Amino acid sequence: VGFLQGVHDLRAMLIVITAVSIAGLVLFILFVTKAADSLIRARESLLHSETLASMGRMAAGIAHEIRNPLFIIRSSAEKIRALHPESSSDIDFFILEEVDRLNSVLTDYLLFARNESTSRQEVDLVKILSRCVNLVEESERGRGVVVVTDFKVSSASVWAEEKKLQQVFLNILINARQAIEEKGEISISLSRSGVDYRIEFEDSGSGIPSRNLDKVFEPFYSTKATGSGLGLAISRKVIEDHGGTIEIESREGAGTKLIITIPGDTR
């Protein structure tokens, strides 16, 4: 009887030891997984920082080596146009337009590479969005693209850099317009979600293949032949600098939705 009791106790002890070992192994696996995720995020953050630093150095060189010659080329083309008005259309199309396009790309590089912060102030998202909508509607008048707004708040006060937010919203609206081949609709909604404001831009364009969704915020990635690939990268940087988030939802052939959250004025 004593021997059987000892075997029973040993069996119970082995079960407890096994259970503790399994629990310890599970905790160890969870710890290793969490540590690996942290290392991956740290590596991505480091690569992103290195990319920004490299772009800063590159942008300084570009600004010195390219911008001044572009200004000289544009000034010379304007003089030639004044001297030969009969060829003004060709000069506008082949020289001035391309110079302006290159200058726009260069400006995008500089905006992305610089980490300048201007003074922030209390601004109204409703007013900024309305201004952007008016600008797009003026440029698209009679072209078959309708912009629909749904502002669920009369005002949306945030502490922000107004020009940078306007740049983000205009860039998104221009991308949405370019995604629509002929006729279509762009909808913009603004609502309050807790302490944050939620802005949704949705278009009826061609959409983005699922395999490319992870790349749209990467610097220099663009689906357009003449795009710099920095528009959405700059937009994400600006929104994150304001403590917000930007997400994208899209399906090929079914349009695209961009969702932005920005903290309310919490001074």
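A brief look at the structure comes next. (Residues numbered from 1 in each chain as written. Predicted model: local features only at pLDDT ≥ 70, side-chain atom pairs only at ≥ 80, totals over all residues. Heavy atoms only, no water.)

### Some words on the overall build of the protein
Note the cut-off: In DSSP terms, a helix is any run of H or I states spanning at least four residues, a strand is any run of E spanning at least two, and both are numbered starting from the N terminus. Only protein chains enter the accessibility calculation, which uses a 1.4 Å probe; a residue is then buried when its area is under 20% of its type maximum, exposed when over 50%, and partly exposed in between.
Secondary structure assignment for the protein yields five helices and seven strands. Walking the protein from its N terminus toward its C terminus, one meets helices and strands in the order α-α-β-α-β-β-α-β-β-α-β-β. Put simply, the protein has 267 residues, and 31% of those count as buried.

### Side note on the nonpolar core
What counts, and what does not: What is meant by a nonpolar core is a set of buried Ala, Val, Leu, Ile, Met, Phe, Trp, Tyr and Cys residues, joined one to another through side-chain atoms within 4.5 Å. Contacts are assigned to residue pairs that have any heavy atoms within 4.5 Å of one another.
Counting residues in hydrophobic clusters, the biggest one holds 41 residues, and the most contacted among them are Leu-125, Leu-165, Phe-169, Ile-199, Phe-201 and Ile-260. Apart from the residues within four sequence positions on either side, Leu-125 is in contact with Ala-156, Val-158, Leu-165, Phe-169, Leu-190, Tyr-197, Ile-199 and Ile-262.

### Section: the sheet that holds strand β7 (residues 256–263)
Stated precisely, the cut-off is as follows: Paired strands, in this sense, are two strands between which DSSP finds at least two bridges. Only the contacting stretch of a helix is used when fitting its axis, a line to C-alpha atoms as for every element, and angles between N-to-C directions run 0 to 180 degrees.
Strand order in the open sheet formed by five strands is β2-β4-β5-β7-β6, and the pairing between neighbours is mixed. Unpaired on one side and paired on the other, β2 (145–151) and β6 (245–250) mark the two borders of the sheet. Sheet twist, expressed as the mean angle between neighbouring strand axes with direction ignored, is 15°. Relative to strand β4 (residues 184–193), β2 runs parallel, the two being bridged by seven bridges.

### Re the pairing of strand β3 (residues 157–160)
Burial of β3 is one-sided: the residues Val-158 and Ala-160 facing one way are buried, the residues Ser-157 and Trp-159 facing the other way are not. Pairing analysis gives four bridges linking strand β1 (residues 121–124) to β3, with the strands arranged antiparallel. Note that in β3 the partner of Val-123 across the bridge is Val-158.

### Here we look at the pattern of salt bridges
Short version of the rule: The rule for a salt bridge is simple: a side-chain nitrogen of Lys or Arg has to be within 4 Å of a carboxyl oxygen of Asp or Glu.
Evaluated as defined, the whole model comprises eight salt bridges. Across the pair Asp-241 and Lys-237 runs a salt bridge whose closest N-O atoms are separated by 3.8 Å. With Asp-241 and Lys-237 both in helix α5 (residues 231–241) and four residues apart, the pair spans about one turn of that helix. Asp-241 sits in the partly exposed class, given a relative accessible area of 41%.

### Observations concerning the pairing of β4
When β4 meets strand β5 (residues 196–203), the two strands line up antiparallel, connected through eight bridges. Across the sheet, residue Arg-192 finds its bridge partner in β5, namely Tyr-197. Counting the residues between successive antiparallel strands, the hairpin from β4 to β5 contains two residues, one of them, Gly-194, with a positive phi of roughly 70°.

### Looking at helix α4 (residues 162–179)
What counts, and what does not: Multiplying 1.5 Å by the helix residue count minus one yields the expected span of that helix.
For α4, spanning 18 residues, the distance from its first C-alpha to its last is 26 Å, which sits close to the expected 26 Å at 1.5 Å a residue. Those residues of α4 lying buried are Leu-165, Gln-166, Val-168, Phe-169, Leu-170, Asn-171, Ile-172, Leu-173, Ala-176 and Arg-177.

### Overview of α5
Among all positions of α5, only Leu-232, Ala-233, Ile-234, Ser-235, Lys-237, Val-238 and Ile-239 are buried. Phi turns positive one or two residues past the end of α5, at Gly-243, with a value near 80°.

### Some words on the side chain of Asn-171
With respect to the helices, strands and loops of the structure, Asn-171 is situated in helix α4. Asn-171 sits in the buried class, given a relative accessible area of 18%. When near neighbours in sequence (up to four residues on either side) are disregarded, Asn-171 contacts Gly-231, Leu-232 and Ser-235.

### Here we look at the packing of aromatic side chains
What characterises a pair of aromatic rings is the spacing of the ring centres plus the angle enclosed by the ring planes. How we decide: Stacked, tilted and edge-to-face are the three classes assigned to paired rings of Phe, Tyr and Trp, where Trp is represented by its six-membered ring and a pair needs centres within 6.5 Å; plane angles under 30 degrees give stacked, over 60 edge-to-face, the rest tilted. In this scheme, the term charge over a ring applies when either NZ of a lysine or CZ of an arginine sits within 6 Å of the ring centre and within 35 degrees of the ring normal.
If you walk through the whole model with that rule in mind, you get one aromatic pair. The interplanar angle of 35° and the centroid separation of 5.8 Å between the aromatic rings of Phe-169 and Phe-201 together place this pair among those described as tilted. On the criterion of sequence distance, the pair formed by Phe-169 in helix α4 and Phe-201 in strand β5 is long-range, its members being 32 residues apart. The exposure class assigned to Phe-201 is buried, which follows from its relative accessible area of 4%. Over the ring of Tyr-197 we find Arg-192, and its NZ or CZ is 4.4 Å from the ring centre.

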